[in-house]
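Each chain, written out:
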Amino acid sequence: MGTSIVAVLGLAACCAAALAQTAKLPLKSDDNGTVYVEPNVSPTETSMESKGATVGAQRPDGSSKYIGVDTTGSRPTYSLGGSTAGDLSYSAGVFSDGNEKKGVKAGVTLKY
């Protein structure tokens, strides 16, 4: 009985961690949209450690743009991107560490 409770609690913790999203902290919000910062933090035993952040802007119609840096690797990775709004929206972004790691990502979202 005790083992099954531990297994259920462990499974619940894994599911919660998988569904968790990083928090977007609003810096400014008005009729034109919201400017936010999304820190990339990792917990330590006694505090939180910052490993970069993303700054973005989201308009009331749902379109957005962002720029960020991730310092979890041996070299910092920089990213830039944006997306449109509507029932058929497009998104695109690029990332690079200035050396070997680089890429382009794109997507289409269809709301129905």
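Look up a bit, the structure's there.
Model, not experiment: these values are computed from the prediction.

K.L.:
Can you tell me about the pairing of strand β3 (residues 48–58), naming the residues and giving the values?
P.N.:
For strand β2 (residues 33–43) and β3, the ladder comprises nine bridges, and the chain directions are antiparallel. By the bridge assignment for β3, valine 37 is matched with valine 55. In this antiparallel pair of consecutive strands, β2 and β3, the connection spans four residues. The loop that links β3 with its antiparallel partner strand β4 (residues 64–70) comprises five residues; one of these, glycine 62, has a positive phi angle of about 105°.

K.L.:
I'd love a proper account of the environment of glycine 86, names of residues and values included.
P.N.:
Assignment of secondary structure puts glycine 86 in the loop between β5 (77–83) and β6 (88–96). Classification of glycine 86 by relative accessible area gives partly exposed; the value is 34%. In this structure the C-alpha to C-alpha distance between glycine 86 and serine 63, which are 23 residues apart in sequence, comes to 8.2 Å.

Rules used in this analysis
- Residues numbered from 1 in each chain as written.
- Predicted model: local features only at pLDDT ≥ 70, side-chain atom pairs only at ≥ 80, totals over all residues.
- Heavy atoms only, no water.
- Pairing = 2+ DSSP bridges.
- Helix = DSSP H or I, 4+ residues; strand = E, 2+ residues; numbered from the N terminus.
- Buried < 20%, exposed > 50% of the residue type's maximum accessible area, 1.4 Å probe, protein only.

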